[in-house]
Structure formats: structure tokens, C-alpha cells
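Report on the structure
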Amino acid sequence: MAGATSDLKLLGVGPSPYVNRVQIALNLKSVNYEFLEEKLGSKSELLLKSNPVHKKIPALIHGDKPVCESLIIVQYIDEVWTSGPSILPSDTYDRALHRFWAAYIDDKFFPNVKELRTADGEEAKEAAVERIAEGMALLEDALAKCGKGKPFFGGDNIGYVDIAFGSHLGWLKAAEKLAGVTLFNKAKTPRLVAWADAFSSHEAVKDVIPETEKLVELAKMLKARAQSQSAN
Amino acid sequence: MAGASSDLKLLGAGPSPYVNRVQIALNLKAINYEFLEEKFGSKSELLLKSNPVHKKIPVLIHGDKPICESLIIVQYIDEVWTSGPSILPSDPYDRALHRFWAAYIDDKDLRTAEGEKAKQLAVERIAEGMALLEDALGKCGKGKPFFGGDNVGYLDIAFGSSLGWLRATEKLAGVTLFNEAKTPGLVAWADAFSSHEAVKGVIPETDKLVELAKMFKARAQSQSAN
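Residues numbered from 1 in each chain as written. Chains lettered and ligands numbered in written order. Predicted model: local features only at pLDDT ≥ 70, side-chain atom pairs only at ≥ 80, totals over all residues. Heavy atoms only, no water.

Okay, the pattern of salt bridges next. Residues and elements named next belong to chain A. Counted under the stated rule, the structure contains 23 salt bridges over all chains. In this structure, R191 and E140 form a salt bridge, with 3.8 Å as the shortest nitrogen-oxygen distance. One end of the pair, R191, is in helix 8 (residues 190-200); the other, E140, is in helix 5 (residues 122-147), with 51 residues separating them in the sequence. For E140, a relative accessible area of 7% gives the class buried. Notably, a salt bridge pairs D156 with K150, separated by 3.1 Å at the nearest N-O pair. (Salt bridge = Lys/Arg side-chain N within 4 Å of Asp/Glu carboxyl O. Helix = DSSP H or I, 4+ residues; strand = E, 2+ residues; numbered from the N terminus. Buried < 20%, exposed > 50% of the residue type's maximum accessible area, 1.4 Å probe, protein only.)

Further remarks concern the packing of aromatic side chains. Per the stated rule, a full pass over the model turns up 17 aromatic pairs over all chains. Both rings, one in F100 of chain A and one in W101 of chain A, keep their centres 5.1 Å apart while their planes meet at 90°; by these two values the pair is edge-to-face. The exposure classification of F100 of chain A matches that of W101 of chain A, with both residues buried. Ring centres of F100 of chain B and W101 of chain B lie 5.1 Å apart, and the angle between their planes is 90°; on these two criteria the pair is classed as edge-to-face. (Phe/Tyr/Trp six-rings, centres within 6.5 Å; stacked < 30°, edge-to-face > 60°.)

With 23 residues of chain A in contact, the opposing surface of chain B contributes 22 residues. Buried area between chain A and chain B, summed over both chains or domains, comes out near 2100 Å², and the portion from carbon and sulfur atoms is 69%. If you sort the residues of chain A by the area they bury against chain B, Y93, R99 and F100 of chain A come out on top, with a joint share of 28%. Our enumeration of links across chain A and chain B arrives at four salt bridges. The salt bridge involving E79 of chain A is made with R95 of chain B; its shortest N-O contact spans 2.8 Å. The tally of links from chain A across to chain B stands at nine residue pairs in polar contact (both at pLDDT 80 or more). Mapped onto the side of chain A that touches chain B, the elements with two or more residues apiece are strand 4 (65-68), helix 3 (70-80) and helix 4 (92-118) of chain A. Broken down by element, the side of chain A that touches chain B gets its largest block of residues, nine residues, from helix 4 of chain A. (Contact = heavy atoms within 4.5 Å. Buried area = accessible area lost by both parts, 1.4 Å probe. Polar contact = N/O pair within 3.5 Å; in protein donor to acceptor, adjacent residues only side chain to side chain.)

With that settled, the discussion passes to the sheet that holds strand 4 (residues 65-68) of chain B. All names here are of chain B. Read from one edge of the open sheet, four strands run 2-1-3-4, paired in mixed fashion. Each edge of the open sheet is held by one strand with a lone partner, namely strand 2 (34-37) and strand 4. Between one strand axis and the next, the sheet turns by 25° as a mean value, whatever way the strands run. When strand 1 (residues 8-12) meets strand 3 (residues 59-62), the two strands line up antiparallel, connected through four bridges. By the bridge assignment, L10 is partnered in strand 3 with L60. Those strands touched by helix 1 (residues 17-28) are strand 1, strand 2 and strand 3, and its axis lies near 155° from that of strand 1. (Pairing = 2+ DSSP bridges. Axes fitted to C-alpha atoms, helices over the stretch in contact; angles between N-to-C directions.)

To continue, consider a negative patch on the surface. Among the surface-exposed residues, E123, E126, E130 and E134 of chain A lie close enough to one another that they form a single negatively charged patch. As for its placement among the helices and strands, E126 of chain A is situated in helix 5. (Patch = residues over 30% accessible without salt bridge, like charges linked within 9 Å, V, L, I, M, F, W, Y side chains within 5 Å. Areas by Shrake-Rupley, 256 points an atom, 1.4 Å probe, with all protein chains shown as cover. Lys, Arg positive; Asp, Glu negative; His and termini not counted. Charge placed at Lys NZ, Arg CZ, Asp CG, Glu CD.)

Residues and elements named next belong to chain A. Taken together, the side chains of L40, M221 and L222 make up a nonpolar region of the molecular surface, amounting to roughly 260 Å² of accessible area. By secondary structure assignment, the location of M221 is in helix 9 (residues 212-231). The class of M221 is partly exposed, set by a relative accessible area of 37%.

Put into C-alpha cells, the structure is as follows:
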């Protein structure tokens, strides 16, 4: 059942993959909400009140109750709006697999991508690319196992791992441009290449993840800002 | 429905709080299982085959399917064995709260450090966490003894599994982490949790963990001296 706009607020910023996860989940359930954009470099009163422990976005405010941590919010959305398509699979073992790979993506895979962005020098960059490639190989395999031959980790439809991983596609493609490397290799990970296209063009995703060029510009701006700050 | 012992194997080691989580969950559901103890310092073929990505315990093997990551295993157990008491609450908001605090506990560094100053900072950091968790106990438990209310729940398992090592740390570092004046709720909770049927006999005695910690430290020191 679609919630009234005033009943549901999402505190976030457009370029955050963690915020994008929540937006995609809400879109999948066709739920209306009010997007409250946090200004870069400052934290609103509402954010500090809603997430006093971490002071981070995203925070979903449902009525007067704040829900924090992107994947916890996605599960909350899945459990509240049960009339929409399911995000987590129904089989208990498949659920464990989806949770496992989502945790892998946040704990192991993405820290490697971050390292690529900050890597200094060719050797460090190559090492980061290799680690990412290892992760991609694992995820290619996971896609086959979870998706069972279908286009998404969730099978015919976008599911939990699709959201957890796919939310990072914008920044992954930006990292490819900034570092001049290829992370989505059609020869090595053909399923993931097809999946990335299918995910990015999905109705619930299309307008959520920012254009790669915008993220490249943002990365350059953030880097320049950081450099001028450390030079002072 | 209790599973046959041969159907369920838990790869683990007694002193691991992550393994203890799974044991407590299985006990709560009154499920039989076979405990396969990994030898300290080596990884069995079965472990490497069951958890090739992380090569870590605990791993629950149900039939021929491995499930990894302690809290994912606990959720799996809760969802498969539905006739036993529920581990996660039924209300979606309460579930989100339990998951939030369990994630907080796993991300929070509960270790102390060497050297007076570093130790003080570590103790302060833990004390901040304890204050937040005291508050969470009030909100989640709503005045009842456990985070799960009348019964042990997800967050009780996530946090309570570390009680053995928290008490060992108190002894080893000569500090008090469970302060009756500051966090009376947690002090009472710790007692209630430790003496619960499903928990008694799972978390090793504090003195044993103290001995183990001293042994690890001596081993590490002799290795770095070589």
C-alpha cells in the first residue's frame, strides 16, 4: 500500500549509493516519499536527531520513527510493504545467500574499489585492480548461483543483492574512467556485464543512480577540495 | 522440529563468540547438531570447502548447504525452525532496531589496548557504547529483562555472546566495563543472559578465556621475537 508522502521521509544525497539503495527499494514497492537532501559538508538537525549514533545518511523516517543503515532500511521496506514485489527471496537458504553476498559487497568488495580511487602510483593501482577482479569473479559465480540463469541475483526480478551491488554501479563506472581501467570485463564476467545493463535500465533504477560523468566531476571536485584543504 | 544430528553440523571453536551465537540460537530452538571443533591455528578441508570466501568459523552445514557469517546463520535458524521461540521480533520496526544495534556491536571495537593512555581511551570508548546499549535495552526490551523482552532475542545473542571476553578483558586490563551505577540495566541483563538455559555451558568460563588470552599473547610475543 503506497504510503502518504508526508508519512515517509528519506534523508540523503543523490550521489550516495547507500541512499540510492533505499530509493530503488521504495521505487520497487511504488511507495511515495519526500526526499530531504542533505547539504554536502553539513548535517541537518533532523539528521542528527534521527541518527544520533552514526550521524549518517540514509535515514528513513516513517511517521516519527527513524530507521538507519541502508540494508536494514531495505529489509524494513520489504517487511512493511508486503503487497509489492518481494526484495528478499522467500526460500530461507536463498535469503542467507543474499545476505551473505550483500555483506561481502559492503565489507570486502567496496573497500577495494575505494582503494582504487585513492591509490597512488601504478603499482598500487594495479594491486587494487587485481583485488577488484578477484571480487568480480566471485560475484559472477554468485550471480549464476543466486539467479539460477536469470538476469538478476533475485532471478526474474531485482532482489536484495541486486540492490546492494547495483547501487554502486555509478561509482564503479566513475572509477573506471578516473583510473583508466576496465572493471567490467565482458570476456571474464559476461553475466555481470549483462546484469549491469539490465539493472541500470530497470524502471526502479533508471533515474536514481547519477550519470557517470556527474560522479567523475564530483570525484574531481572532492579531490581538489581535499587537496586545497591539506595545502592550507 | 528438531533436526537429526547428522543433518546439521556446526564448524567452530568453543571460545569464539561468533560460534557461541550459533550455539545459543540452536539451543533456543532445541535443535540437535554435531559440533566439529576446528583446531586452533589450522583450517580443516571441510571449512575451506564450506566457506571458501572468508575461510572463517562459524559455518553451519544444513544437509549439504553451508551457511556462513554468525548473524546470517542466526537469522537462518530463526527462519527455518519456526516452531521454536522467535529470535527476531515480529514487528518490522523492532526488527530494524535489533538489526541496527547488532550491526553497531559488530562494528564497535570492544577491545582494550596496551599502555595506560591507550587503555583509558579504549575504556572510554567502550563506556560510551555501554551507555548507548543501556538506553537501547530500555527501548527494545520495554522494561523487560532482555532486549527481546521476556525472552532472549537477536540482540541479546549478538551482544551477550561477547560477555565472556568482556569479563576476561575486565580481569586482564584491571578495568570495570559493567558499572552497576552507570548501566544497572545491562548489569542485570548480563546476569540473566549468562544464566539462561540456552546460554549456560556455551560461553566459556572467564578464567579459561583469561588463560587463553595470556597464551595467545605469549605466543605472539615469542613469534615476533624470532
